[in-house]
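Here are the chains, one letter per residue:
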Amino acid sequence: MNPRRRQVRVPRCRMRTPWAVGLTALLLGAAAPAGAQRHLDLGGAPPPAVPPDTLRFSGRDGALDVHPPRIDEPKVRIDGRLDEAVWAQAAVLTGFTQYEPVEGRPATEDTEVRVFYSRDAIYFGILAYDRDPSGILARLGERDRAVFGDDWVRLMLDTFDDQRQAYVFYVNPLGLQTDGLWIEGIRTRPGSSVSIDFNPDFIWESDGRVTDRGWVAEVRIPYVSLRFREVPVQDWGVQVAREVKRRGFKQSWAPLTRNEASTLAQSGHLRGLRDIHPRRLIEVNPVVTGSRTGALEEGHFRRGGFDPEVGINGRVGVTRNLVFDATVNPDFSQVEADANRLTVNERFALFFPEKRAFFLEGTEVFRTPRNLVHTRQIADPVAGAKLTGKVGAFQVGYLGAVDQAPRTLFGGDRDALFNLLRIRRDVGSGSTVGLLYTDRTLASDAYNRVLAADARLLVHGRYTLTGQFGASWTAHEGGAATGFSPLLFAQLERSGRTFGFELKLDDVFPDFRTESGFIPRTGDTEVFASARHTTFGRPGALLERATAEVRFDGFWEHDAFWSGASPFEWEVEAQPTLNLRGDRSLSLILRSGYFRFSESAFGAYAVATPGGGSEPFALPPPLEHMLAVGFVPRLRISNQVQLNGRIFLREIPIFVEGSRGIELQAAPDLTLRPTTALQVQLQHTFSRIRRQRDDSVFSTSNLSRLRVQYQFGKALFARAIVQFDLEERDALEDPATGRALLIFGSPVAARRSGRFDGQFLVQYEPSPGTIFFLGYSRAEVGEHLGFDLGRLDPVEDGLFLKLSYLFRL
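Residues numbered from 1 in each chain as written. Predicted model: local features only at pLDDT ≥ 70, side-chain atom pairs only at ≥ 80, totals over all residues. Heavy atoms only, no water.

Residue-level account of the overall build of the protein chain, with values.
From N to C terminus, the protein chain includes four helices and 45 strands. A total of 809 residues make up the protein chain; the buried ones form 52% of that total. Within the protein chain, residue pairs in contact and separated by at least 24 positions form 63% of the contacts whose partners lie at least 6 positions apart. On the protein chain, roughly 35,100 Å² of surface is accessible, and the fraction owed to carbon and sulfur atoms is 57%. (Helix = DSSP H or I, 4+ residues; strand = E, 2+ residues; numbered from the N terminus. Buried < 20%, exposed > 50% of the residue type's maximum accessible area, 1.4 Å probe, protein only. Contact = heavy atoms within 4.5 Å. Areas by Shrake-Rupley, 256 points an atom, 1.4 Å probe, with all protein chains shown as cover.)

Pulling in residues and values, what's your account of the sheet that holds strand β5 (residues 111-117)?
As summarised here, the arrangement of the six strands in space is β1-β3-β5-β6-β12-β11, forming an open sheet in which the pairing is mixed. The sheet is open, and its two borders are formed by β1 (56-58) and β11 (205-211), each paired with just one other strand. Each adjacent strand pair in this sheet contributes to an overall mean axis angle of 15°, direction not counted. Judged from the three bridges that link them, β1 and strand β3 (residues 91-94) form a sheet pairing that is parallel. Paired with F57 across the bridge in β3 is L93. (Pairing = 2+ DSSP bridges. Axes fitted to C-alpha atoms, helices over the stretch in contact; angles between N-to-C directions.)

Requested: an account of the confidence of the model for the protein chain, with residues and values cited.
Do not read the fine detail of predicted coordinates wherever pLDDT is low. When pLDDT is averaged along the protein chain, the result is 87, and 89% of the positions lie at 70 or above. Throughout residues 1-44 the model reports pLDDT below 50, and contacts reaching past four residues in sequence, or to other chains, amount to 98 contacts. For the stretch residues 334-351, pLDDT sits under 50, and the model shows 56 contacts to residues farther than four places along the chain or on other chains. (pLDDT = per-residue confidence, 0-100.)

Before we move on, can you summarise the nonpolar core with the specific residues and values?
Ranked by internal contacts, the top residues of the largest apolar core, which has 44 residues, are I122, L157 and W236. When residues no more than four places from it in sequence are discounted, the contact partners of W236 are I122, L157, D158, T159, Y223, L226, F228, G268, H269, L270, L273 and I276. (Core = buried A, V, L, I, M, F, W, Y, C linked by side-chain atoms within 4.5 Å.)

Please provide a residue-by-residue account of the pattern of salt bridges, values included.
As enumerated under the stated definition, the model contains 56 salt bridges in all. With a closest N to O distance of 2.8 Å, R650 and E663 form a salt bridge. Taken together, the residues span a long stretch of sequence, with R650 in strand β35 (residues 641-654) and E663 in strand β36 (residues 659-672) at a distance of 13 residues. What emerges from the salt-bridge pattern is a single network uniting E657, R691, R693, D694, D730 and E733. (Salt bridge = Lys/Arg side-chain N within 4 Å of Asp/Glu carboxyl O.)

Before we move on, can you summarise the environment of P173 with the specific residues and values?
Structurally, P173 can be placed in the loop between β8 (165-171) and β9 (177-183). You can call P173 buried: its relative accessible area is 0%. Along the primary structure P173 and V153 are separated by 20 residues, whereas in three dimensions their C-alpha atoms are 8.5 Å apart. Residues within four places of P173 in sequence aside, it is in contact with I136, L137, A138, D151, G208, R209, V210, W215 and V216.

An account of a nonpolar patch on the surface is requested, with residue identities and associated values reported.
Taken together, the side chains of F394, Y398, L421, I423, L435, Y437, L451, F469, W473 and F484 present a nonpolar region at the surface, about 880 Å² in accessible area. Taken together, the elements giving at least two residues each to the nonpolar patch come down to β21 (394-403), β22 (416-427), β23 (431-443) and β25 (463-475). Tracing the backbone through its elements, the reader meets F469 in strand β25. You can call F469 partly exposed: its relative accessible area is 44%. (Patch = residues over 30% accessible without salt bridge, like charges linked within 9 Å, V, L, I, M, F, W, Y side chains within 5 Å.)

Tell me what's going on with the packing of aromatic side chains, and back it up with residues and numbers.
Overall, the coordinates contain 30 aromatic pairs when judged by the stated rule. Between W556 and F561, the ring centres sit 5.3 Å apart and the planes meet at 75°, which makes this aromatic pair edge-to-face. A cation over a ring is seen here: K504 above F528, with NZ or CZ 5.4 Å from the ring centre. (Phe/Tyr/Trp six-rings, centres within 6.5 Å; stacked < 30°, edge-to-face > 60°. Lys NZ or Arg CZ within 6 Å of the ring centre and 35° of its normal.)

Go over the side chain of E364, please, and point to the residues and values.
Counting through the fold element by element, E364 comes out in the loop between α2 (357-360) and β20 (381-391). It is R227 that comes nearest to the buried, bridge-free E364 among opposite-charge side chains, at 5.5 Å. (Lys, Arg positive; Asp, Glu negative; His and termini not counted.)

Describe the pairing of β22, and please don't skip the residues or the numbers.
Side chains A416, F418, L420, R422, R424 and D426 of β22 all project onto a buried face; the interleaved residues L417, N419, L421, I423, R425 and V427 project onto a face where none is buried. Pairing geometry for β21 and β22, over ten bridges, is antiparallel. What sits directly across from G400, in β22, is N419. In this structure, β22 lies alongside β23, joined through eleven bridges in antiparallel fashion. By the bridge assignment, L421 is partnered in β23 with Y437.

Got a sec to walk through unusual backbone geometry? Specific residues and values, please.
Each neighbour pair has its own omega, and for E100 with P101 the value is 5°, a cis peptide bond. Positionally, P101 belongs in the loop between β4 (97-100) and β5. Positive phi values are uncommon outside glycine, yet E73 reaches one of about 50°. Within the fold, E73 resides in the loop between β2 (65-66) and β3. On the basis of relative accessibility, which here comes to 58%, the residue E73 falls in the exposed class. At D161, a residue that is not glycine, the phi angle is positive and equals roughly 50°. By the secondary structure assignment, D161 is in the loop between β7 (152-158) and β8.

Describe the sheet that holds strand β33 (residues 614-616), and please don't skip the residues or the numbers.
Overall, antiparallel pairing links the four strands, which are arranged β33-β32-β40-β41 in an open sheet. Two strands bound the open sheet, and with one partner strand each, they are β33 and β41 (746-747). In this structure, strand β32 (residues 605-608) lies alongside β33, joined through three bridges in antiparallel fashion. From the neighbouring strand, A608 faces β33, where its bridge partner is S614.

A description of the environment of Y129 should follow, citing residues and the corresponding values.
Looking at where Y129 falls in the secondary structure, it is placed in strand β6 (residues 121-129). Residue Y129 is classed as partly exposed on the basis of its relative accessible area of 25%. Distance in space between the C-alpha atoms of Y129 and D110 is 5.4 Å, their sequence separation being 19 residues. Ignoring sequence-local partners within four residues, the contact set of Y129 consists of E109, D110, E112, R213, G214 and R242.

Residues and numbers for the side chain of T97, please.
Considering the arrangement of structural elements, one finds T97 in strand β4. T97 sits in the buried class, given a relative accessible area of 8%. Beyond its immediate chain neighbours, meaning those up to four positions away, T97 contacts R60, G104, R105, A107, K250, Q251, S252 and P255.

Please set out the environment of G658 residue by residue, giving values where relevant.
Within the element layout of this structure, G658 appears in the loop between β35 and β36. The class for G658 is buried, based on a relative accessible area of 2%. Sequence spacing of G658 and F597 is 61 residues, and the spatial spacing of their C-alpha atoms is 6.8 Å. In contact with G658, not counting residues within four places along its chain, are F597, F602, P620 and P735.

Give me the lowdown on the pairing of strand β14 (residues 249-252), citing residues and values where you can.
Here β14 shows a buried face lined by F249 and Q251 and a second buried face lined by K250 and S252. Relative to β14, β4 runs antiparallel, the two sharing three bridges. Looking at β14, one finds that Q98 is bridged to Q251. Pairing of strand β13 (residues 233-244) with β14 involves four bridges; the strand directions are antiparallel. Its bridge partner lying in β14, E243 is registered against K250. Adjacent in sequence and paired antiparallel, β13 and β14 are bridged by four residues, among which G248 carries a positive phi angle near 75°.

Shown next, in the form of structure tokens:
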């Protein structure tokens, strides 16, 4: 290390930092330029003492049973230094093995993780050695978001040692936190081996720093933030993973292979944890929110007065593993717009994830193979209560809420009452069976009820069989009702290092309804099949991994499928993917498809005649051999620049016309990190759809989004988001004659629209549940298809603030 270099002190954020002290420290902290992070030393503390060999456990050598020492009242300050004498008594996890991009190879960089426990917490000390510390990626960012652009270490604790669920704690070189729950069987994205629900937040401490030998981090996890068995001596599953971001290499302490379907079944163990008794969980979280909104009414833009709201949330540990949550007048504000998506040629409702804190607690209990619980259906709740936890081999959950959205939307005094009940039982090694009941009642004679059973079975290590069968019963106001309406789901997956496959059947009866979940397609039967083959390059080669995947996806009308008819929609896709050195990849997509229009979709259609009359609309013929080609690059240009995106040229159905279209879609996504504190993300989606019949333009869409965030410290940031949604669509034409289409006797004219959404937010969040933010949002619309705000009209704006503090008693 060059002593003449200026050392940059990065402000540390303890998770229970007092407001005034923490905020003052953050405001005084200065952000370093991107290149300065390599000189972080924060005082040059001496290297930690080395524990004896009897406390060293090499995962590569199969030493996966760890007996960490118990040290009561350890004098440890969580500052990312490991300079206390107690760390010399800790057990050490060593001997890491690479699992991505090529599993089974020795790790490129050495890692040591030290662990001991006390009567109220478990401690981890991380030494992530690096032969080139100048290449370590360590940036400030928002909790739960920024870690994955940096180097990181992931700690996983399977506290019930049941190989089904584990706590996950990520930390980057500056001690920034991300956490969640690893849940075997869930998919964060197609083809991913990561099964993490990042919605839950836990209170724990961490700090880190970059040194001239790599980076160091300290972690303290209090038992009150965890759930585990009530026995005198505990065994916990444990796994540690690390990513060296600039290389895209991931390594783990207990070796990981895709030849096993379960990741948690490959973990090591912390043995003999004795007499750990956390204090009872009691949390009180008062929340104060306020807003002043404006809207366009009768041609005039008017703003109302300031509207304050007060609410309170509470959590009580009924037992160590069973937690009761309640809320009165909860804060369900969203502080960031939903993800940008094109809607010009959509047939089904789009899914937007839950972001509201009360509903996110314990959400893993209510997961089923089909999405029969989607709490965004509870749109405007007055109050709610929830009980979640594990009792023996049973995981249980109940959620009740009163939703005043029907009163708000339709008037009157009717509220919707939601009751959701979930029971899941552990079976054998890693398998589960479960039962779910949901009930949404609007009035005494209007309800929607769903009862479903599900199972997930591990077979011979490699295979996973998942199934669900359920039914709905729905009654509408006025007496109309539908009885038993079933849903069926079955899936078989084979996991493997070089070869894997998936088979899936998803059948939904036409009258099936779930007003507590999200099933956008009903009356259809889907059959999906895919197969994957992977080969690996030599160590150090440009091509690290090559994967070829073939997929078939077909849809039948429910009755037609069971009578043996052909599908109305299908596609076959081949997708080769190349993973290149330096965390880069390129996917090529080749697709051929078929689509048959439904006569019922065009019942109100007619075709205009030259004399001013109309004639019946003729159902268009099926669209055969619809071809598509696409490219999906992921390019890490440098440590400061990342360029991702997708480019498609494809034939598609134009659903609203019943015609064949050709779409060109391009969606670049550029992320810039010029300093440790500044992040700029620019996304743009361009789509142009032409009619194949005459090459005329049916629609053109441009969706642009700029997101700029500056991090003053680990807990304080300012963010601005600007989004323009510009859309132009032609008048509807008959695909056979080119004449105007009439719907209910009227032509559908051409339209053009522009929409601007802007938002500015300042947020201070020293720990989950304790937060202050102040923000402003504005929306403008018009027919102008450009970025000139002067030619758009404001339709709504709002000033909003939130203040909450989590008291853990």
